[in-house]
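Observations on the three-dimensional arrangement
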2 protein chains.
Amino acid sequence: MSGLFKNAVNISHQVIAAVVEAGDIVVDATCGRGHDTIFLAQLVGEKGKVYAFDIQGIAIETTWELLQANKTLENVVLIKDNHSNLDSYIPQRIKACMFNLGYLPGGDHSIKTDKVNTLKALEKATKMLDNNGVITIVFYPGHSGGQEELNSMMVYLSELSQKDFEVSHVEFINQINDPPQITIVQKVLGGSK
Amino acid sequence: MSGLFKNAVNISHQVIAAVVEAGDIVVDATCGRGHDTIFLAQLVGEKGKVYAFDIQGIAIETTWELLQANKTLENVVLIKDNHSNLDSYIPQRIKACMFNLGYLPGGDHSIKTDKVNTLKALEKATKMLDNNGVITIVFYPGHSGGQEELNSMMVYLSELSQKDFEVSHVEFINQINDPPQITIVQKVLGGSK
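All figures in this text were calculated on a predicted structure; none of them were measured in a lab.

Think of an α-helix as turning once every 3.6 residues; residues three or four places apart then point the same way. Residue and element names in this part refer to chain B. Here helix H3 (residues 57-69) is 13 residues long and its end C-alpha atoms lie 18 Å apart, about the 18 Å a rise of 1.5 Å per residue gives. All buried positions along H3 are accounted for by Ala59, Ile60, Thr63 and Leu67. An end-on view of H3 places all buried positions within 95° of arc, on one side of the element. Structurally, H3 contributes buried residues whose contacts are with helix H2 (35-44), strand S2 (49-54) and strand S3 (76-80). Note on H3: the residue one or two positions beyond its end, Lys71, has a positive phi of about 55°.

So, about the pattern of salt bridges. For the structure shown, the criterion picks out ten salt bridges over all chains. Note that B:Glu166 and A:Lys6 form a salt bridge whose closest N and O atoms lie 3.0 Å from each other. Remark: A:Lys6 occurs in the segment before helix H1 (8-19) and B:Glu166 occurs in strand S6 (residues 165-172); the pair is interchain, linking two chains. Look at B:Glu166 and you get buried, because its relative accessible area is 16%. Relative accessible area serves as the criterion here: at 40%, A:Lys6 is assigned to the partly exposed category. Between A:Lys163 and A:Asp164 there is a salt bridge; the shortest N-O distance is 3.9 Å. Residue classification places A:Lys163 among the exposed positions, given a relative accessible area of 56%.

Here is what the cut-offs are and how they apply
Residues numbered from 1 in each chain as written. Chains lettered and ligands numbered in written order. Predicted model: local features only at pLDDT ≥ 70, side-chain atom pairs only at ≥ 80, totals over all residues. Heavy atoms only, no water. Helix = DSSP H or I, 4+ residues; strand = E, 2+ residues; numbered from the N terminus. Expected span 1.5 Å × (residues − 1). Buried < 20%, exposed > 50% of the residue type's maximum accessible area, 1.4 Å probe, protein only. Arc of directions from axis to C-beta. Contact = heavy atoms within 4.5 Å. Salt bridge = Lys/Arg side-chain N within 4 Å of Asp/Glu carboxyl O.

Printed below as a string of structure tokens:
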């Protein structure tokens, strides 16, 4: 299976690649160093659009450079704002939303996603999700505050109606140091809108 | 993703299909009504071999009929014995082993897999696994004794060396009635034999 269940980030990419098509509207809720942003930009192509959020200027700048170098800038709207405001920027339903929580790799570890804003963003993304659309959330329970953030999200996610959403959670159970975990939310075809 | 993370049985089939090739030696540790057996028989083809175990005659008989009707009997060795003895029947390394625990659907619910024999079978399957090979285990925590069986396996699985095995566990967190869960064990390429 060439690493189908290798790690959380890997699973998020496989799930997103299986759902997102050219022309889709998608969200990178945490653009960070731009790795998910460019991945999404290549999937949706010129006729689609990626809305990518980060609260840190350095993240927006790094992502901009990565997109420019790969000629995918025009597929992306970069937004320096908290992802909890995502509904202010996106007028349509979305096909996918990727969250990669925690701090910016190589950045200031004291600046990180927090459970209050992440939960707001997640609630909004869930409401905006199109039929068959997916949300992926990569959690870092090994980071300071990461387990608490995961616990808060789990309360919300476990209460989503199973008529409307399939919610699965993957853990890597034989690794040391609390490795990342991933939750996948898929809007069920034919569920209520 | 057309249900990549729809349910535990569905995930087990996707993982197995991504790994098992024509000519492989594989195991159905719990043949039951034969659904996994025929799935494996079709994947390995005439040059491969499926060793399929069940303690109940009715399961062996039902599976035999299903295989015969689908002209895949010659790919399969049906064994009416406890899967804890699987090493007595299989001389080679195995590419995959599927466990679907609990009782026989439509059968006597008091006859079911038990944590002692399941653990023995799992330990043996783990040792016999070829590089890149996988074990899938579908658990039924909603059945009587199912949660206890799951807990016993988790202790063993969480202690497998991460140098040699990638072990992931998937739960469906927004469903009522304790839905099935799945664990996937993959032998790491290049790990110790």
